[in-house]
Amino acid sequence: MPAHQPTETPPPPPPPAHQMWGGRFAFGPSEALDALNRSLPVDHRLWPQDVAASKAWVQALGRVGVLSPAEETHMLEGLDRVAERLADGAAAGAPDEDVHTLVERLLYEEIGAVAGKLHTGRSRNDQVATDLRLWTLEALDQLDADLAALGRALVERAREGVDVLLPGYTHGQHAQPVRWAFVLLAHAWPLGRDRQRLADARRRVAELPLGSGALAGSGFPVDRVLLKEALGFRSVSANALDATGDRDFVAEVLFTMALVGTHLSRLGAELVLYASAEFGFVQLSDAFSTGSSLMPQKRNPDVFELARAKAGRLLGDLVALLTTLKGIPAGYQKDLQEDKALLFDAFDTLAVVLPAATGAVQTLTLNAARMAAALDASLRATDLADLLVEAGVPFHESHGLVGKLVREAERAGVPLDKVPAAVAAGIHPQLGAAVAQLGTWEDSVESRATAGGASRKSVEDQLEELRKAFAPGA
Ligand code: ARG
């Protein structure tokens, strides 16, 4: 009979692994349940946090007299030895149910029966929430640093793009001329907002659940404020049932990461396009290009294609978490164990995408001549309409008049500024003069001088603001 079928006579119990529960059962879990239930393969990464939170808990228990001073010292030293063993790889291949069980078993191995006092007044429910918050706080630092590095790379590359003009696009169509710096900065600003979102979420990540017990608080009067300070949290959670079941912090951080992924995807989509032969605006360095196994000529922008694709994966992590959360009551439910695989996946994904995208941006070559060559007179249509407005024509009318000129240019197969003056004057007496007044591409860009526009002053102001925003330590 397969191992998972209920039997009249229980199978012989498996060799006794250390377990944190089981007194009420006649025999242990089936292999099939164990395979589903075990989280160690995912949550072993939490061991540094589990040890740190356990040490703080030992001190809290010492303060309320659950542990004698000698026991407290013994346990703290034991936990240090456990940490050393884990740093040496003791988690690899361990049979335990989860990281909490693993740490406790190793503590037993180090200090014997007194290890059994560690879990007094604590539950894995407040423990895992505490560990995961601690882990997230650290992971946020790395993510923030990686985002800032990409932000700096964009700002650095934007610096050399102030005088480089190219067509600006909306709907994939020539719209108005802009500066290359302006385009790069349009991808840097969202990253600044992402960092603000992470900093804001961070305040809510830094709420201490430890001392919540399983759901209703701890049976021992531990000082949660001291625990909070010992572990570097900002505040103490207000409701134990909420605190043990609350994964809003995971959702918020996953949302922000999904949005980071979306921003990287948009940057990637734009650069893949600009790296194509038809545009030829940029070329990726050899160090950030990939080849084809069949076509020798290829210089593929895999880095930005993958940056684009990972947005889907990050969104998937968010959707999976929210879907998990929506169906469960308050408090801890085993569903919540799924949170870690999703959160780790998202951080791991960005930890490889961001440095690669940063390197690719830092090393790509601009082709300013290709950008200039792509500027065509249709990009001046708005300028012409604006000039007619200055001559007193209402904008609605001038829009229509320039539209007629565009039609003439298309019909004659000439650029917009090469329509014969007599034809232009036939559309409106001022139109010929407006065409003659057009000036340079630079004049065109400078004419949109509102704050935030593509003019030199606006771009230089943005460069300065973003330089400060992405400076190390900012
Ligand atoms: N491995 C569990 C998790 O990740 C730890 C908490 C288990 N709590 C429990 N009541 N079984 O969520």
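Being a predicted model, the structure only gives us computed values, none of them experimental.

Participant: Break down unusual backbone geometry for me, citing the residues and quoting the values.
Facilitator: A negative phi holds for most residues other than glycine; trans holds for most peptide bonds. The backbone phi angle of histidine 171 is positive, close to 55°, even though this residue is not glycine. Position of histidine 171 among the secondary structure elements: in the loop between strand S1 (165-170) and strand S2 (173-179). Since its relative accessible area comes to 77%, histidine 171 is described here as exposed.

Participant: I'd like a rundown of the pairing of S2, residues and numbers included.
Facilitator: One ladder, built from six bridges, connects S1 with S2; its direction is antiparallel. Each bridged residue has a counterpart across the sheet, and for threonine 170 the counterpart in S2 is glutamine 173.

Participant: How would you explain the nonpolar core if you had to name every residue and give the values?
Facilitator: Leu86, Trp180, Leu254, Met257, Phe304, Leu343 and Phe347 are the most contacted members of the largest nonpolar core, which totals 112 residues. If you look at the next biggest cluster of nonpolar residues, it comprises 19 residues, including Val393, Leu401, Ile427 and Leu431.

Participant: With reference to specific residues and values, describe the site of the ligand.
Facilitator: Contacts to the ligand come from Ser39, Asp43, Asp98, His100, Arg124, Asn125, Val128, Tyr332, Gln337 and Lys340. Within the contact set of the ligand, a nitrogen atom lies 3.0 Å away from a side-chain nitrogen or oxygen of serine 39. One of the side-chain nitrogen or oxygen atoms of glutamine 337 is found 2.8 Å away from a nitrogen atom of the ligand. Starting from 340 Å² of accessible surface for the ligand in isolation, the protein chains cover 86%. With three residues, helix H6 (residues 124-159) is the largest single contributor of residues to the shell around the ligand. Per-class residue counts for the shell around the ligand are two nonpolar, four polar and four charged.

Participant: If you had to explain the pattern of salt bridges to someone new, which residues and values would you point to?
Facilitator: Within this structure, the stated rule accounts for 35 salt bridges. Put simply, lysine 334 and glutamate 97 hold a salt bridge, and the shortest N to O gap is 3.8 Å. Here lysine 334, found in the loop between helix H11 (302-326) and helix H12 (339-363), pairs with glutamate 97, found in the loop between helix H4 (69-87) and helix H5 (99-111); they are 237 residues apart in sequence, far enough to count as distant. Residue classification places lysine 334 among the partly exposed positions, given a relative accessible area of 34%. For arginine 247, the salt bridge is made with aspartate 339, and the minimal N-O distance between the two is 2.6 Å. Pair noted here: arginine 247 is in the loop between helix H9 (240-245) and helix H10 (248-274) and aspartate 339 is in helix H12, with a separation of 92 residues, a long-range link. A single burial state applies to arginine 247 and to aspartate 339, both of which are buried. Residues joined by salt bridges that share partners form a network here, namely Arg81, Arg85, Asp96, Arg105, Glu109 and Glu110.

Participant: So, the environment of phenylalanine 27: which residues are in play, and what are the values?
Facilitator: Mapped onto the secondary structure, phenylalanine 27 falls in the segment before helix H1 (31-37). Using a relative accessible area of 39% as the deciding quantity, one classes phenylalanine 27 as partly exposed. In sequence terms phenylalanine 27 and alanine 412 are 385 residues apart; their C-alpha atoms lie 89 Å from each other.

Participant: Can you break down the packing of aromatic side chains residue by residue, with the values?
Facilitator: Enumeration according to the criterion identifies nine aromatic pairs in this entry. Here tryptophan 135 and phenylalanine 347 contribute two aromatic rings whose centre-to-centre distance is 5.3 Å and whose plane-to-plane angle is 80°, an arrangement assigned as edge-to-face. Of this pair, tryptophan 135 sits in helix H6 while phenylalanine 347 sits in helix H12; the two residues are 212 residues apart in sequence, bridging distant segments of the chain. Residue classification places phenylalanine 347 among the buried positions, given a relative accessible area of 7%. Both rings, one in tyrosine 169 and one in phenylalanine 279, keep their centres 5.8 Å apart while their planes meet at 65°; by these two values the pair is edge-to-face. Residue tyrosine 169 is found in strand S1, and its partner phenylalanine 279 is found in the loop between H10 and strand S5 (282-283); the two are separated by 110 residues along the sequence. Classification of tyrosine 169 as partly exposed rests on a relative accessible area of 23%. Grouped by ring-pair contacts, the aromatic residues Tyr169, Trp180, Tyr274, Phe279 and Phe281 constitute a single cluster. The ring of phenylalanine 344 carries arginine 45 above its face, with NZ or CZ at 4.6 Å from the centroid. One residue, arginine 380, lies across the ring of tryptophan 441, its end atom 5.2 Å from the ring centre.

About the cut-offs
- Residues numbered from 1 in each chain as written.
- Predicted model: local features only at pLDDT ≥ 70, side-chain atom pairs only at ≥ 80, totals over all residues.
- Heavy atoms only, no water.
- Helix = DSSP H or I, 4+ residues; strand = E, 2+ residues; numbered from the N terminus.
- Buried < 20%, exposed > 50% of the residue type's maximum accessible area, 1.4 Å probe, protein only.
- Pairing = 2+ DSSP bridges.
- Core = buried A, V, L, I, M, F, W, Y, C linked by side-chain atoms within 4.5 Å.
- Near = heavy atom within 4 Å.
- Polar contact = N/O pair within 3.5 Å; in protein donor to acceptor, adjacent residues only side chain to side chain.
- Areas by Shrake-Rupley, 256 points an atom, 1.4 Å probe, with all protein chains shown as cover.
- Nonpolar A, V, L, I, M, F, W, Y, C, P; charged D, E, K, R; others polar.
- Salt bridge = Lys/Arg side-chain N within 4 Å of Asp/Glu carboxyl O.
- Phe/Tyr/Trp six-rings, centres within 6.5 Å; stacked < 30°, edge-to-face > 60°.
- Lys NZ or Arg CZ within 6 Å of the ring centre and 35° of its normal.

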